[in-house]
Amino acid sequence: MTKQQIWEWLNNHSKQLIDFLLFLLLVSMGAFVKIIKQVRQGAKASWKWFLAEAIVSFFVALLVYGFFDQFLHTSKLFTYVVCAWCGSFSTIFHKRMEDLLGAIFDKLKQLISEKTTL
């Protein structure tokens with residue numbers, strides 16, 4: 001691609017690029033809030049831990065974005081703020097999902113043991 005083609009592409013896709021950068025900015029702010037809270041609670045920070053938290057927050061934010069933008073058709077800024085908020089609370093979602101899966105497996109184990117005793 002030539003310089004002119006690159007500038008044309010950037011000019012044609014500027015709204016999408018600005019939306020993407022705004023999404024990344026707000027989601028990363030939510031991830032930083034989450035990380036700061038966990039460090040204050042005594043978590044030991046490392047680059048590996050920081051990257052893992054950022055990835056989980058980003059993944060949760062993408063799921064929330066898909067739901068709010070595609071199904072509820074809310075405004076972009078509101079959607080981004082909710083994404084950042086949910087990304088910062090992704091630990092809560094992780095714990096709840098862990099509890100749900102634990103309950104499902106406990107119930108399956110109970111059903112299997114009942115079937116084998118019959």
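The paragraphs below set out a description of the structure included in this document. (Residues numbered from 1 in each chain as written. Predicted model: local features only at pLDDT ≥ 70, side-chain atom pairs only at ≥ 80, totals over all residues. Heavy atoms only, no water.)

1. Observations concerning the overall build of the chain
Consideration 1: Counting its secondary structure elements, the chain contains five helices and zero strands.
Consideration 2: Secondary structure of the chain in N-to-C order comes out as α-α-α-α-α.
Consideration 3: Buried residues in the chain amount to 22% of all 118 residues.
Consideration 4: Sequence separation of at least 24 residues holds for 55% of the intrachain contacts in the chain that already meet a minimum separation of 6.
Consideration 5: Accessible surface, the chain as shown: approximately 9,300 Å² in total, 71% of it carbon and sulfur. (Helix = DSSP H or I, 4+ residues; strand = E, 2+ residues; numbered from the N terminus. Buried < 20%, exposed > 50% of the residue type's maximum accessible area, 1.4 Å probe, protein only. Contact = heavy atoms within 4.5 Å. Areas by Shrake-Rupley, 256 points an atom, 1.4 Å probe, with all protein chains shown as cover.)

2. Some points on the packing of aromatic side chains
Consideration 1: One pass over the full model with this rule turns up three aromatic pairs.
Consideration 2: For the pair Phe67 and Phe68, a centre-to-centre distance of 5.7 Å together with 85 degrees between the ring planes defines the contact as edge-to-face.
Consideration 3: Here Phe67 and Phe71 contribute two aromatic rings whose centre-to-centre distance is 6.0 Å and whose plane-to-plane angle is 50 degrees, an arrangement assigned as tilted. In this pair, Phe67 and Phe71 are both assigned in helix α3 (residues 47-72), four residues apart and thus about one turn of the helix distant.
Consideration 4: Overall, the relative accessible area of 43% leaves Phe67 in the partly exposed class.
Consideration 5: Overall, Phe71 belongs to the exposed group, its relative accessible area being 63%.
Consideration 6: In this structure an aromatic cluster arises from ring pairing among Phe67, Phe68, Phe71 and Phe78. (Phe/Tyr/Trp six-rings, centres within 6.5 Å; stacked < 30°, edge-to-face > 60°.)

3. Regarding the pattern of salt bridges
Consideration 1: Following the criterion strictly, the structure yields one salt bridge and no others.
Consideration 2: A salt bridge links Asp19 to Lys15; the shortest N-O distance between them is 3.6 Å. On the criterion of helical spacing, the pair formed by Asp19 and Lys15 is a turn pair, its members being four residues apart in helix α2 (residues 14-40).
Consideration 3: Note on Asp19: relative accessible area 18%, which makes it buried. (Salt bridge = Lys/Arg side-chain N within 4 Å of Asp/Glu carboxyl O.)

4. Quick look at a nonpolar patch on the surface
Consideration 1: Side chains of Leu100, Leu101, Ile104, Phe105, Leu108, Leu111 and Ile112 sit close together on the surface and give an oily, nonpolar patch of about 660 Å² of accessible area.
Consideration 2: Tracing the backbone shows Phe105 in helix α5 (residues 90-117). (Patch = residues over 30% accessible without salt bridge, like charges linked within 9 Å, V, L, I, M, F, W, Y side chains within 5 Å.)

5. Thoughts on the nonpolar core
Generally speaking, nonpolar side chains in soluble globular proteins are found buried as a group.
Consideration 1: With 12 residues, the main nonpolar core is built from Phe23, Leu26, Val27, Val60, Ala61, Val64, Phe68, Tyr80, Val82, Cys83, Ala84 and Cys86.
Consideration 2: When contributions to this core are tallied by element, the ones reaching two or more residues are α2, α3 and α4 (76-88).
Consideration 3: At five residues, the largest contribution of residues to this core is made by α4.
Consideration 4: Residues within four places of Val82 in sequence aside, it is in contact with Val64 and Phe68. (Core = buried A, V, L, I, M, F, W, Y, C linked by side-chain atoms within 4.5 Å.)

6. Brief notes about the packing of helix α1 (residues 3-12) against α2
How two helices pack is summed up by the angle between their axes together with the distance between the axes.
Consideration 1: Across the interface, α1 lies against α2 with an axial gap of 5 Å and an inter-helix angle of 70 degrees. As the angle between them shows, α1 and α2 are arranged roughly perpendicular. Residues Trp9, Leu10, Asn11 and Asn12 of α1 touch α2, and the partners they reach there are Ser14, Gln16 and Leu17.
Consideration 2: In the contact of α1 with α2, the residues fall into three nonpolar, four polar and no charged. (Axes fitted to C-alpha atoms, helices over the stretch in contact; angles between N-to-C directions. Parallel < 35°, antiparallel > 145°, perpendicular 65-115°, else oblique. Nonpolar A, V, L, I, M, F, W, Y, C, P; charged D, E, K, R; others polar.)

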